[in-house]
Amino acid sequence: MTGDSRTGELKTGASRTTDLRSVVTGVGGYLPPDIVTNDQLARVIDTSDAWIFERTGIRSRHKAAPDQATSDLATEAARRALAAAGRSASDVDLIIVATTTSDLTFPATAAIVQRKLGAPICAAFDVQAVCSGFVYALSVADGFVARGMARCALVIGAEIMTRLMDWSDRGTCVLFGDGAGAVVLEPLAGAGTTDDRGILGFSLRCEGGKQDLLYVDGGPTTTGTVGKLRMQGKEVFRHAVTNISEAVVAAAAAARVDLPSIDWFIPHQANQRILDGVARKLGIAESRVISTVADHANTSAASIPLALSQGVSDGRIKPGHLLLLEAMGGGLTWGAVVLRL
Ligand code: UT7
């Protein structure tokens, strides 16, 4: 946030006031082994593979085992990201978990991850921006790493969305899945140009007045229950395709890059039709979009780091590539990050 904090404009940021950049040095993903196909859902819910695939592009989703909590998924993704970065838990000095499905009301899932990882005493907290959580968390982490306040930060998106489903609501329960993705962020000196590796710019947005379009109908200070996810799908869809582009353009402007120079577009994986609509609006070719929605469904804050992890592990995304990440979710929140790997 260093760039725009000088001008008092906090909702768009560019890491440009110091030479330090927050660089992704390792990526990891974890998907619980249990896979639930559309056909399996159609045996217990009034739905069909044809409807789900046609409307969303989803074929299957992963489901956490009953004895797995979000922190278990997050910890495994974090271990893999640390290994990819050549770091160990003892190096970690900041843990941020983006989640809307915390293990407990408190402590933060990040604190539980710190214990499970065996990381030293460090800063650890959660970011709650629902499906936009990873974009928000990366931007928050940039505020520490690019100021030299953290040397090995874990930014994790982790969710067990299947536990927030109302299984009698076929309009929502078929859309979500479980998983976790993580990145290691380290400070590296840059030249202050767009050739630098690291986070180059971001934009964050929230319109709280649109809460009713996507929310969970429970909480500790209202119902005293966890609640279930409620969504007006058509309205959320319309909002996504209409408003994400503005945030993407703002993030690209903050980063001072042109959209045609983006190597990979890594959107939040909610619906293939949203991915296609946003890419079309931005003039981004289908061949440059990382899509995992068919196999993962919507894993909320985990979807972007999982897609990033997939793109890196299958060799499409390489060091030096310019990446555009964007998301939209409950709040409503939305935003984008531009970074060079
Ligand atoms: O990550 C957070 C962001 N979330 C999103 O981005 C989700 C955004 N929204 C969407 O992806 C889409 O709006 C949905 C996939 C949720 C729904 O697609 P839609 O084209 O907007 O369908 P609809 O809700 O208008 O429903 C159309 C029909 C309805 O039947 P009638 O009233 O036309 O007879 C629904 O009852 O489809 C029916 N329907 C289903 N049929 C079979 C709804 N859910 C199902 C289902 N299986 N699972």
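Residues numbered from 1 in each chain as written. Predicted model: local features only at pLDDT ≥ 70, side-chain atom pairs only at ≥ 80, totals over all residues. Heavy atoms only, no water.

## Comments concerning the packing of aromatic side chains
In total, this model carries 1 aromatic pair according to the counting rule given. Ring geometry for Phe 125 and Phe 144: centres 6.2 Å apart, planes at 40°, overall tilted. One end of the pair, Phe 125, is in strand β6 (residues 123–127); the other, Phe 144, is in helix α6 (residues 133–145), with 19 residues separating them in the sequence. A cation over a ring is seen here: Arg 59 above Phe 53, with NZ or CZ 3.5 Å from the ring centre. (Phe/Tyr/Trp six-rings, centres within 6.5 Å; stacked < 30°, edge-to-face > 60°. Helix = DSSP H or I, 4+ residues; strand = E, 2+ residues; numbered from the N terminus. Lys NZ or Arg CZ within 6 Å of the ring centre and 35° of its normal.)

## Observations regarding the site of the ligand
Thr 47, Arg 55, Arg 170, Asn 271 and Asn 298 are the nearest of the 23 residues found near the ligand. Thr 47 is positioned with one of its side-chain polar atoms (N or O) 2.7 Å from a nitrogen atom of the ligand. In the model, an oxygen atom of the ligand is placed 2.7 Å from a nitrogen or oxygen of the Arg 55 side chain. Protein burial of the ligand: of its 960 Å² of free accessible surface, 74% is covered by the chains. If you list the elements that add at least two residues to the shell around the ligand, you get α3 (49–56), α7 (170–173), α8 (233–255) and α9 (272–282). With 4 residues, the single largest contributor to the shell around the ligand is α8. Of the residues belonging to the shell around the ligand, the class tally is 11 nonpolar, 7 polar and 5 charged. Here the shell around the ligand spans two domains, and each of domain 1 (13–189) and domain 2 (198–340) adds at least three residues to it. (Near = heavy atom within 4 Å. Polar contact = N/O pair within 3.5 Å; in protein donor to acceptor, adjacent residues only side chain to side chain. Areas by Shrake-Rupley, 256 points an atom, 1.4 Å probe, with all protein chains shown as cover. Nonpolar A, V, L, I, M, F, W, Y, C, P; charged D, E, K, R; others polar. Domains from an automatic or database assignment.)

## Examining the pairing of strand β9 (residues 198–206)
A large share of β9 lies buried, amounting to 8 of its 9 residues. Taken together, the 8 bridges between β9 and strand β14 (residues 333–340) define a ladder with antiparallel strand orientation. Along β14, the bridge assignment pairs Phe 202 with Val 337. (Buried < 20%, exposed > 50% of the residue type's maximum accessible area, 1.4 Å probe, protein only. Pairing = 2+ DSSP bridges.)

## Things to note about the domain arrangement of the protein chain
Partitioning the protein chain into structural domains gives domain 1 (13–189) and domain 2 (198–340). Distance between the C-alpha centres of domain 1 and domain 2: 14 Å. At the interface, 56 residues of domain 1 touch 53 residues of domain 2. Across the interface of domain 1 and domain 2, roughly 4000 Å² is buried in total on both sides, 64% from carbon and sulfur atoms. Taken together, the links from domain 1 to domain 2 amount to 1 salt bridge. For Asp 166, the salt bridge identified is with Arg 230, shortest N-O distance 2.8 Å. At the junction of domain 1 with domain 2, the criterion picks out 17 residue pairs in polar contact (both at pLDDT 80 or more). (Contact = heavy atoms within 4.5 Å. Buried area = accessible area lost by both parts, 1.4 Å probe. Salt bridge = Lys/Arg side-chain N within 4 Å of Asp/Glu carboxyl O.)

## Observations concerning the pairing of β6
Each regular strand shows side chains that alternate between the opposite faces of the sheet. Examined bridge by bridge, strand β5 (residues 94–98) and β6 share 5 bridges and lie parallel to one another. Across the sheet, the residue bridging to Val 97 is Asp 126, located in β6. At this point the chain moves from β5, through helix α5 (residues 109–117), to the parallel β6, and the crossover so formed is right-handed. (Right-handed = clockwise from strand over helix to strand, strands pointing away.)

## Thoughts on the nonpolar core
By size, the foremost hydrophobic cluster in this structure holds 45 residues, and its most contacted members are Val 257, Phe 265, Leu 324 and Val 338. Those elements that place two or more of their residues in this core are α8, α9, β13 (322–329) and β14. Considering each element in turn, this core owes the most residues, 9 residues, to α8. Core analysis: the next-biggest nonpolar cluster, separate from the first, contains 36 residues, Val 24, Ile 96, Ala 129 and Leu 138 among them. (Core = buried A, V, L, I, M, F, W, Y, C linked by side-chain atoms within 4.5 Å.)

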